[in-house]
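Structural overview
In case you want the letters, here they are:
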Amino acid sequence: MPTASQNALFGMGNPLLDICAVVDKDFLDKYGLKPNDQILAEEKHKEMFEEIVKKFKVEYHAGGASQNSVKVAQWMIQEPHKVGTFFGCIGKDKFGKILKEKAEEANVDARYYEQSEEPTGTCAACITGDNRSLIANLAAANCYKKEKHLDLEENWKLVEKARVYYIAGFFLTVSLESILKVAKQASENNKIFCLNLSAPFICEFFKEALMKVMPYVDILFGNETEATVFAREQGFETEDIEEIAKKAQSLSKVNKKRQRIVVFTQGKGGTVMTKGDKVETFPVLEIDQSEIVDTNGAGDAFVGGFLSQLVQDKTFEQCIRAGHYAANVIIRQAGCTFPEKPDFQ
């Protein structure tokens, strides 16, 4: 049985401290937020971060999409520690210290680029019912520099050591050149490079950057909303998720040794995956509405579960099963947190 080796999974993205709270519709309306969305904070959201802490009961969790997925993958694997490596930029401050502690608790090999110009990034997760509206204030996360971190010999060695790479589309807004350097490394060495569409605004406003990376993508993740916006922006002229998956699969690709796999989740609907020339839909695990605590992190958890098996050379069906399992666990918890051990077979 192949087990995962240290630093076999490499993730890069925006490390953010999640500030989670159950809020009301008035709060969403006040700041012009949709119940289920993810956006970057603008000037008008600045006060929101202070208000949410004053007005509601908040919980802090180490977050950021890529980091969450790496953490969940590590949790699913358990041993050895530090199968997951994570790169991203934080500030030299209290929140940065919390992120470092949380990464250590999660047994992730986080190698942050630390700088003092900008504070550690935060993400307000505004929960209403089983929706979550995410507003990310990137701050330090936006300051990641390829030449100051990724290019350093000791860091690049960790990139070379990995077999599976995962980057959330959110990082396209920060450092396209870092993503391309990692993607090319994966492609040239026939390793697996995974990318997530992450948010409708990425498919829409960062599509040029997205399409520069796409030829290197071996596994593309996304949810049904992102898939629909991606299809519209690419002129696919269909809203059928399976059709979109097929069309995304057939976009041009550099490494011809691997056929692209496209995986689209649909919340409580089944997960769609392209396999060879067919598209299959896998049902998610049943869960009683009353057991759902917080859907924040469900998508990241799905990817984490998937990656945990991928890095151990399991079948794609097993990867999906693990993704569904991890997401099912996470939505019963507040934030992207999990019990001590998984009971996934």
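Residues numbered from 1 in each chain as written. Predicted model: local features only at pLDDT ≥ 70, side-chain atom pairs only at ≥ 80, totals over all residues. Heavy atoms only, no water.

Read across the open sheet, the nine strands follow the order E6-E5-E1-E9-E10-E11-E12-E13-E14; overall the sheet is mixed. Of all strands in the sheet, those with a lone pairing partner are strand E6 (109-115) and strand E14 (278-282), marking the two edges. Averaged over neighbouring strand pairs, the angle between their axes works out to 15° when direction is ignored. As paired strands, strand E10 (residues 192-196) and strand E11 (residues 219-223) are joined by three bridges and run parallel to one another. Paired with Leu195 across the two strands is Leu220, which belongs to E11. Across the face of the sheet, helix H10 (residues 224-233) comes into contact with E10, E11 and strand E12 (261-266) while running at roughly 110° to E11. Against the sheet, helix H13 (residues 316-330) engages E11, E12, strand E13 (269-275) and E14, with an angle of about 155° to E13. (Pairing = 2+ DSSP bridges. Helix = DSSP H or I, 4+ residues; strand = E, 2+ residues; numbered from the N terminus. Axes fitted to C-alpha atoms, helices over the stretch in contact; angles between N-to-C directions. Contact = heavy atoms within 4.5 Å.)

For the rest of this paragraph, the subject is the packing of helix H3 (residues 65-77) against H13. Two quantities define a packed helix pair, namely the angle between the helix axes and the distance between the axes. Interaxial distance between H3 and H13 falls to 11 Å at its minimum, and their mutual angle equals 105°. Taken together, the axes of H3 and H13 lie roughly perpendicular to each other. Contact residues: H3 offers Val72, Trp75 and Met76, while H13 offers Ala322, Tyr325, Ala326, Val329 and Ile330. Tallied by class, residues from the contact of H3 with H13 come to eight nonpolar, no polar and no charged. (Parallel < 35°, antiparallel > 145°, perpendicular 65-115°, else oblique. Nonpolar A, V, L, I, M, F, W, Y, C, P; charged D, E, K, R; others polar.)

Now for the packing of aromatic side chains. What the rule picks out here adds up to 18 aromatic pairs. Ring-pair connections join several aromatic residues into one group, and the members of that group are Tyr166, Phe221, Phe302, Phe306 and Phe316. In this structure, Lys181 is placed above the aromatic ring of Trp156, and the distance from its NZ or CZ to the ring centre is 4.3 Å. (Phe/Tyr/Trp six-rings, centres within 6.5 Å; stacked < 30°, edge-to-face > 60°. Lys NZ or Arg CZ within 6 Å of the ring centre and 35° of its normal.)

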